[in-house]
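The primary structure of each chain is shown beneath.
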Amino acid sequence: NEDHAYHRYGSDNHVALEPNSHQYEVLVISPTLAALLPTKEVTQILGNAQRSLEEWQQLSVAHHANLRASHANALHDSAMALLNKLPTTIEEDEVLIPDERRRLEMMKEGGRAYVSKADTIQAIEFRLAFKKALRLAIEVAERETF
């Protein structure tokens, strides 16, 4: 829900936002596979070794089997609240990016307008990736067994 989203992302709890900590809300493994609220045991391999997709799938299923349904539901509701508050949809962003790239190609490289347009494209791409991660978290929370 919205209160949970604000509490997690609108407070002074910066530990959960550290990029190299083991604390993640959602670990996106592939476009269709994610681990919700992964433990240190799930994330400790990151940057140190590799797992096959099959190993990630097995680990994710085992992890989710031990995750409380109430935690998965809270993450689902928070992801849904955040996704619904964003100004555009995934589909709209997917249409915007090629349009913005075409506009960029027509501009003179190196100028202020060019840099601004390139920054805009990167911001839309980041926003799109974030939305896809939120959507994946919602899908995983709905299909997995907790």
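In case you missed it, the structure is sitting above this.
Just so it is clear, the structure is predicted and the values come from calculations on it, not from any experiment.

Rules and cut-offs
Residues numbered from 1 in each chain as written. Predicted model: local features only at pLDDT ≥ 70, side-chain atom pairs only at ≥ 80, totals over all residues. Heavy atoms only, no water. Axes fitted to C-alpha atoms, helices over the stretch in contact; angles between N-to-C directions. Helix = DSSP H or I, 4+ residues; strand = E, 2+ residues; numbered from the N terminus. Left-handed = near helix turned anticlockwise from the far one by under 90°. Contact = heavy atoms within 4.5 Å. Nonpolar A, V, L, I, M, F, W, Y, C, P; charged D, E, K, R; others polar. Parallel < 35°, antiparallel > 145°, perpendicular 65-115°, else oblique. Expected span 1.5 Å × (residues − 1). Buried < 20%, exposed > 50% of the residue type's maximum accessible area, 1.4 Å probe, protein only. Pairing = 2+ DSSP bridges. Salt bridge = Lys/Arg side-chain N within 4 Å of Asp/Glu carboxyl O. Phe/Tyr/Trp six-rings, centres within 6.5 Å; stacked < 30°, edge-to-face > 60°. Lys NZ or Arg CZ within 6 Å of the ring centre and 35° of its normal.

1. Let's talk about the packing of helix 4 (residues 69-85) against helix 6 (residues 112-143)
Thinking step 1. It is the contact of helix 4 with helix 6, at a shortest axis distance of 9 Å, that shows an interaxial angle of 145°. Helix 4 and helix 6 meet at a crossing whose hand is left-handed. Contacts between helix 4 and helix 6 involve A72, H76, A79, M80, L82 and L83 from the first element and K131, L134, R135, A137, I138, A141 and E142 from the second.
Thinking step 2. Residues of the contact of helix 4 with helix 6, tallied by class, amount to nine nonpolar, one polar and three charged.

2. Remarks on the packing of helix 5 (residues 90-105) against helix 6
Thinking step 1. Axis separation between helix 5 and helix 6 bottoms out at 10 Å; the angle between their running directions is 160°. It follows from the interaxial angle that helix 5 and helix 6 lie roughly antiparallel. At the point where helix 5 passes helix 6, the crossing takes the left-handed sense. Each of I90, E91, D93, E94, L96, I97, E100, R101, R103 and L104 in helix 5 lies in contact with helix 6, whose residues at this interface are Y114, K117, A118, T120, I121, I124, E125, R127, L128, K131, K132 and R135.
Thinking step 2. Residues belonging to the contact of helix 5 with helix 6 are distributed by class as follows: nine nonpolar, one polar and twelve charged.

3. Side note on helix 5
Thinking step 1. Between its terminal C-alpha atoms helix 5 stretches 23 Å, which fits the 22 Å expected from 16 residues at 1.5 Å a residue.
Thinking step 2. Among the structural elements, helix 6 are those in contact with the buried residues of helix 5.

4. Considering the pairing of strand 2 (residues 33-36)
Thinking step 1. On strand 2, burial covers both faces: L33 and A35 on one face and A34 and L36 on the other are all buried.
Thinking step 2. In terms of strand pairing, strand 1 (residues 26-30) meets strand 2 through four bridges, oriented antiparallel. Looking at strand 2, one finds that V26 is bridged to L36.
Thinking step 3. If you look at the hairpin formed by strand 1 and strand 2, you'll find two residues sitting between the two strands.

5. Observations concerning the pattern of salt bridges
Thinking step 1. Scanning all chains against the criterion turns up nine salt bridges.
Thinking step 2. Linking D93 and K131 is a salt bridge whose minimum nitrogen-to-oxygen distance equals 2.7 Å. On the criterion of sequence distance, the pair formed by D93 in helix 5 and K131 in helix 6 is long-range, its members being 38 residues apart.
Thinking step 3. The buried category is assigned to D93, whose relative accessible area is 0%.

6. Overview of the packing of aromatic side chains
Thinking step 1. Under the counting rule described, the total for this entry stands at zero aromatic pairs.
Thinking step 2. One cation-aromatic arrangement involves R51 over W56; the distance from NZ or CZ to the ring centre is 4.6 Å.

Remember, this is a structural readout, not a statement about activity or role.
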